[in-house]
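Structural overview for review
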Amino acid sequence: MVEIDKTKPVMVTGANGYVASWVVKKLLDEGMTVHAAVRNPDDTKKLQHLIDAAANSKGEIKFFKADLLTPGAYKAAMEGCELVYHTASPFTLAIKDPQKELIEPAVKGTENVLNSANEVKSVKRVVLTSSCAAIYTDAIDTVNAPGGKLTEAVWNTTASINYQPYSYSKTLAEQKAWEMSKAQKQWDLVVMNPPAVMGPPLNAQNTTSESMNIIKMLGDGQMKMGAPKMGVGVVDIRDLAEAHFRAGFTPAASGRYIVSGHNTDLLEMGTILLPKYGDKFPLPKKALPKWLLMLIGPITNKLFTRNFIRNNVDIPWIADNSKAKKELGMTFRPLKETMEDSFQTLINEGILKEK
Ligand SMILES: NC(=O)c1ccc[n+]([C@@H]2O[C@H](COP(=O)([O-])OP(=O)(O)OC[C@H]3O[C@@H](n4cnc5c(N)ncnc54)[C@H](OP(=O)(O)O)[C@@H]3O)[C@@H](O)[C@H]2O)c1
């Protein structure tokens, strides 16, 4: 049981990111002081939305400069904080060197942040933004899991540096965090395991998250011939921010939490937008057959290998979100609302244009 004093500052790593920005906004709206660790505190393009969020809230924000690969970089931001949110980790699929671009920042970054937590005696709890990617690689893993669904007891054993290295980086980083948590008694670790995060970005023009690419891909014509019926989980970014908040301030919170709103698939994520946007945007309307994807997938997109298609297309994604509902009191907004709000933000920002 860890009681966090709400008058103490709260630290967030990678504070400008897609997910972290909503976590920061939630903390500010609750009147807290946020120590926001970012790579470049002078880059106002990447931070203005947080400065605005602070100005419109009861809270306060202070920026600190830190990089995941610099030992001790997060220590100054952590001083005086009882609660640390570690969200920074590269989320990109377009990489050349998975070791350097994904695994090192994810794993060494986690080690770096937690080493500082060991040194800064005010720290009582660390909430790590892990991922369902640390639980599974392909939709088939959900079906093959004990009881036919993902639970917090399941670990990803199928990703590797050569196959889905992002999932591998998240698995190794979360394992490192648990190892370091168990080696000390000063702070406890609570882990968020969200699937694909969707919802309106607070800084659409400068968001690097792959989540943006998925929303864009559905509306920019890339899927006008159809979308693969590929099983995925989805959570709304605002619900995920709420889960982070509750994970931080619920004394009895412990262990991993699958923070997932919906067991769905890529096709449904597109077709759910049809009633509102179908006239004006080339949204997918039907499923692309698996045999066709096996033929053309590997040519059109290097991530669509035959192995990936075999293990994901026409396979449901099933996860059990009952622990987050029961222990954190989570409820999840409808998928339609999440997808429409995301899509509308990209239209408003000129990122998606009518056909
Ligand atoms: N979006 C999803 O669907 C999803 C799903 C499950 C879990 N997650 C997890 O959520 C977290 C945030 O992801 P996101 O979607 O919000 O992606 P994002 O917008 O790209 O945010 C990533 C953050 O990490 C920071 N970062 C990357 N490399 C860094 C480095 N070497 N040193 C310091 N900071 C670094 C980025 O800083 P810069 O802006 O300076 O690059 C950015 O603030 C990640 O841990 C991700 O694995 C995301």
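The structure under discussion appears in the preceding block.
Owing to the predicted nature of the structure, the values given are computational and were not obtained by experimental measurement.

Looking at the overall build of the chain
- The number of helices and strands found in the chain is 14 helices and 10 strands.
- Taking 20 Å as the expected radius of gyration for a compact globule of 355 residues, we find that the chain reaches 20 Å, a close match to that expectation.
- Along the three orthogonal principal directions, the C-alpha set of the chain runs to about 55 × 40 × 40 Å.

Here we look at the packing of helix α1 (residues 18–29) against helix α2 (residues 44–55)
- Two numbers describe how α1 lies on α2: the axes approach to 9 Å, and their chain directions differ by 15°. Looking at the two axes, α1 sits roughly parallel to α2. Two packed elements cross with a definite hand, and for α1 against α2 that hand is right-handed. Residue-level inspection shows Ser 21, Val 24, Lys 25 and Leu 28 of α1 in contact with α2, the latter providing His 49, Leu 50, Ala 53 and Ala 54.
- Grouping the constituent residues of the contact of α1 with α2 by class yields 5 nonpolar, 2 polar and 1 charged.

Considerations on the site of the ligand
- Of all residues adjacent to the ligand, which total 27 residues, the nearest are Gly 14, Gly 17, Tyr 18, Ser 89 and Ser 209.
- Elements supplying a minimum of two residues to the shell around the ligand: α1 and β7 (196–198).
- The biggest single contributor to the shell around the ligand is α1, with 3 residues.
- Here the shell around the ligand is built from residues that sort into 12 nonpolar, 11 polar and 4 charged.

Quick word on the nonpolar core
- Among the nonpolar cores identified, the biggest contains 109 residues, and Val 12, Val 24 and Ala 36 are the most heavily contacted of them.
- At 8 residues, the largest contribution of residues to this core is made by α1.

Structural notes on helix α4 (residues 98–119)
- Over its 22 residues, α4 extends 30 Å from the first C-alpha to the last, a length consistent with the 32 Å expected when each residue adds 1.5 Å.
- Along its length, α4 reaches its greatest deviation from straightness, about 40°, at Glu 104, and the proline Pro 105 lies no more than four positions downstream.
- Those residues of α4 lying buried are Leu 102, Ile 103, Ala 106, Val 107, Gly 109, Thr 110, Asn 112, Val 113, Leu 114, Ser 116 and Ala 117.
- Where α4 is buried, its residues contact β1 (10–13), α3 (75–78), β4 (83–86), β5 (125–129) and α6 (165–182).

A look at the sheet that holds β7
- Taking strand neighbours across the sheet as the criterion, the 3 strands line up as β7-β8-β10 in an open arrangement whose pairing is mixed. A single partner strand is all that each edge strand has here, and the edge strands are β7 and β10 (262–265). Within the sheet, the average angular offset between the axes of one strand and its neighbour, ignoring direction, is 45°.
- Bridging between β7 and strand β8 (residues 231–236) involves 3 bridges; their strand directions are parallel. Bridged to Met 198 within β8 is Asp 236.
- Most of the contacts of helix α8 (residues 237–249) go to β8, to which it runs at about 70°, and overall it touches β7 and β8.

Thoughts on the pairing of β10
- The alternating pattern of β10 places His 262 and Thr 264 on one face and Asn 263 and Asp 265 on the opposite face, and all of these are buried.
- Bridge count for β8 against β10 is 4 bridges, and the pairing is antiparallel. Considered in β10, the bridge of Val 232 is made with Thr 264.

Considering the environment of Asp 97
- You can see Asp 97 is positioned in the loop between β4 and α4.
- C-beta crowding within 10 Å serves as the criterion here: with 10 such atoms nearby, Asp 97 is assigned to the exposed category.
- When the C-alpha atoms of Asp 97 and Ile 161 are compared, they prove to be 9.5 Å apart, with 64 residues separating the residues in sequence.

As for the packing of α4 against α6
- Relative orientation of the contacting elements α4 and α6 amounts to 15°, with a least axis distance of 9 Å. Taken as axis vectors, α4 and α6 run roughly parallel relative to one another. Seen from above, α4 lies across α6 with right-handed handedness. In this structure, α4 uses Pro 98, Leu 102, Ile 103, Ala 106, Val 107, Thr 110, Glu 111 and Leu 114 to contact α6, whose residues at the interface are Pro 165, Tyr 166, Tyr 168, Ser 169, Lys 170, Leu 172, Ala 173, Lys 176, Ala 177 and Met 180.
- The class makeup of the residues in the contact of α4 with α6 is 13 nonpolar, 2 polar and 3 charged.

The rules behind the values
Residues numbered from 1 in each chain as written. Predicted model: local features only at pLDDT ≥ 70, side-chain atom pairs only at ≥ 80, totals over all residues. Helix = DSSP H or I, 4+ residues; strand = E, 2+ residues; numbered from the N terminus. Rg over C-alpha atoms; globule rule 2.2 N^0.38 Å. Axes fitted to C-alpha atoms, helices over the stretch in contact; angles between N-to-C directions. Parallel < 35°, antiparallel > 145°, perpendicular 65-115°, else oblique. Left-handed = near helix turned anticlockwise from the far one by under 90°. Contact = placed C-beta atoms within 7 Å. Nonpolar A, V, L, I, M, F, W, Y, C, P; charged D, E, K, R; others polar. Near = placed C-beta within 6 Å. Core = buried A, V, L, I, M, F, W, Y, C linked by C-beta atoms within 7 Å. Buried ≥ 20, exposed ≤ 12 C-beta atoms within 10 Å, placed from the backbone. Expected span 1.5 Å × (residues − 1). Bend = angle between axes of the 7 residues up to and from the residue. Pairing = 2+ DSSP bridges.

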